[in-house]
Amino acid sequence: AQSVTQLGSHVSVSEGALVLLRCNYSSSVPPYLFWYVQYPNQGLQLLLKYTTGATLVKGINGFEAEFKKSETSFHLTKPSAHMSDAAEYFCAVSLHPGGSNYKLTFGKGTLLTVNP
Amino acid sequence: DGGITQSPKYLFRKEGQNVTLSCEQNLNHDAMYWYRQDPGQGLRLIYYSQIVNDFQKGDIAEGYSVSREKKESFPLTVTSAQKNPTAFYLCASSILGQGEETQYFGPGTRLLVL
């Protein structure tokens, strides 16, 4: 079975500071990994994803994440926070295709607050 | 524009009433999904469908039902058996079989109990 743990349900940073949102996963097979962002009362928008290949993945809005197999982690970072980054962020994992399971398993989310 | 639409944006349910949430996509995606979101709980899978006229239960299917009569549509019915239906419901879709299972989400429906 796969699972996702997001460390910190709430992260607060100052505008211009580094953003680091942590995600660890467990999976019995090589996973696909995703980060989604959700603004209040809206659906989820894909930020970035890791499938295969390069372990450092760049996404939209200046975010990036690095897949570290040895640490079973996929932390999300952004060098300089902007007020518009305030939202809830979800990490998700799915089994590698070739299995019969296309389901995503989500972490519980991290609410990012950006202070002026 | 291609995308996923959900309606209504807000829905009120009375005790003992069944209500149906609509989800439509024009992305020509094979698979569709329904999730329930509660504060601090992340998203939990209710049902999913990979092909027309077929669907599977997710992790929390009790009290819900779905149908998939058309590729574009995947309505969710919240039945009176669901005792705690107040939540934000999200529909998603994805293509299958090409090594790319990214799910794309609709804007959501918030269900409230009167």
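Okay, so let's go over this structure. All values reported here derive from a predicted model rather than from experimental measurement.

A few points about the pairing of strand 3 (residues 19–26) of chain A
Residue and element names in this part refer to chain A.
- Alternating positions in strand 3 separate cleanly, Val19, Leu21, Cys23 and Tyr25 being buried on one face and Leu20, Arg22, Asn24 and Ser26 remaining unburied on the opposite face.
- Pairing of strand 1 (residues 3–7) with strand 3 involves five bridges; the strand directions are antiparallel. Bridged to valine 4 within strand 3 is tyrosine 25.
- Bridge count for strand 3 against strand 8 (residues 73–78) is four bridges, and the pairing is antiparallel.

Topic: the side chain of Thr109(B)
Residue and element names in this part refer to chain B.
- Along the polypeptide, threonine 109 turns up in strand 11 (residues 109–113).
- Under the relative-accessibility criterion, threonine 109 is labelled buried at 0%.
- A polar side-chain atom of threonine 109 sits 2.6 Å from the main-chain carbonyl oxygen of proline 8.
- Setting aside residues no more than four positions away along its own chain, threonine 109 makes contact with Gln6, Ser7, Pro8, Lys9, Leu11, Leu21, Ala87, Phe88 and Tyr89.

Details of unusual backbone geometry
- Cis geometry marks the peptide bond from Ser7(B) to Pro8(B); its omega dihedral reads -5 degrees.
- Here Pro8(B) is to be found in the loop between strand 1 (4–7) and strand 2 (10–13).
- A positive phi angle is found at Thr72(A), which is not glycine, with a value near 45 degrees.
- For Thr72(A), the position within the fold is in the loop between strand 7 (64–68) and strand 8.
- Although it is not a glycine, Asn53(B) sits at a positive phi angle of roughly 65 degrees.
- Its place among the elements puts Asn53(B) in the loop between strand 5 (42–51) and strand 6 (54–57).

A closer look at the packing of aromatic side chains
- All chains considered together, the criterion is met by 13 aromatic pairs over all chains.
- A ring pair is formed by Tyr33(B) and Tyr35(B), whose centres lie 6.4 Å apart and whose planes are at 25 degrees; its orientation type is stacked. The two residues Tyr33(B) and Tyr35(B) agree in class, both being buried.
- Here the aromatic rings of Tyr33(B) and Tyr48(B) are separated by 6.3 Å at their centres, their planes lie at 20 degrees, and the arrangement is stacked. You can see Tyr33(B) sitting in strand 4 (residues 31–38) and its partner Tyr48(B) sitting in strand 5, a full 15 residues away along the chain.
- With a relative accessible area of 11%, Tyr48(B) lands in the buried category.
- Put simply, the rings of Phe34(A), Tyr36(A), Phe106(A), Tyr33(B), Tyr35(B), Tyr48(B) and Phe105(B) touch in pairs and so form one group of aromatic residues.

Here we look at the state of the cysteines
All names here are of chain A.
- If you walk through the whole model with that rule in mind, you get two disulfides over all chains.
- The partner cysteine of cysteine 23 in its disulfide is cysteine 91, sulfur to sulfur 1.9 Å. Measuring handedness by torsion sign, the sulfur bridge of cysteine 23 and cysteine 91 sits at about -65 degrees and is left-handed. Of this pair, cysteine 23 sits in strand 3 while cysteine 91 sits in strand 9 (residues 87–95), placing them 68 residues apart in sequence.

Rules and cut-offs
- Every chain is numbered independently, its residues counted from 1 as its sequence is written.
- The naming scheme follows written order: chains are lettered A onward, ligands numbered 1 onward.
- In view of the model being predicted, local features appear only for residues whose pLDDT reaches at least 70, and side-chain atom pairs are presented and counted only at 80 or more, with totals across whole chains, interfaces and linings using the full set of residues.
- Only hydrogens and water are set aside; all other atoms, that is, all heavy atoms of the structure, feed into the side-chain values.
- Only protein chains enter the accessibility calculation, which uses a 1.4 Å probe. A residue is then buried if its area is under 20% of the maximum for its type, exposed if over 50%, and partly exposed in between.
- Each helix corresponds to a stretch of at least 4 residues labelled H or I by DSSP, and each strand to a stretch of at least 2 residues labelled E; elements are numbered beginning at the N terminus.
- When DSSP finds at least two bridges between two strands, those strands are taken to pair.
- Whenever two N or O atoms come within 3.5 Å, that pair is a polar contact, provided that in protein one can donate a hydrogen and the other can accept it, and provided that, for residues adjacent in sequence, both atoms are side-chain atoms.
- Any pair of residues with heavy atoms lying within 4.5 Å of one another is described as a contacting pair.
- Any Phe, Tyr or Trp ring, taking Trp's six-membered ring, that has another such ring centre within 6.5 Å forms a pair; planes under 30 degrees apart are called stacked, those over 60 apart edge-to-face, and the others tilted.
- Defined by distance alone, a disulfide is two cysteine sulfur atoms within 2.5 Å.

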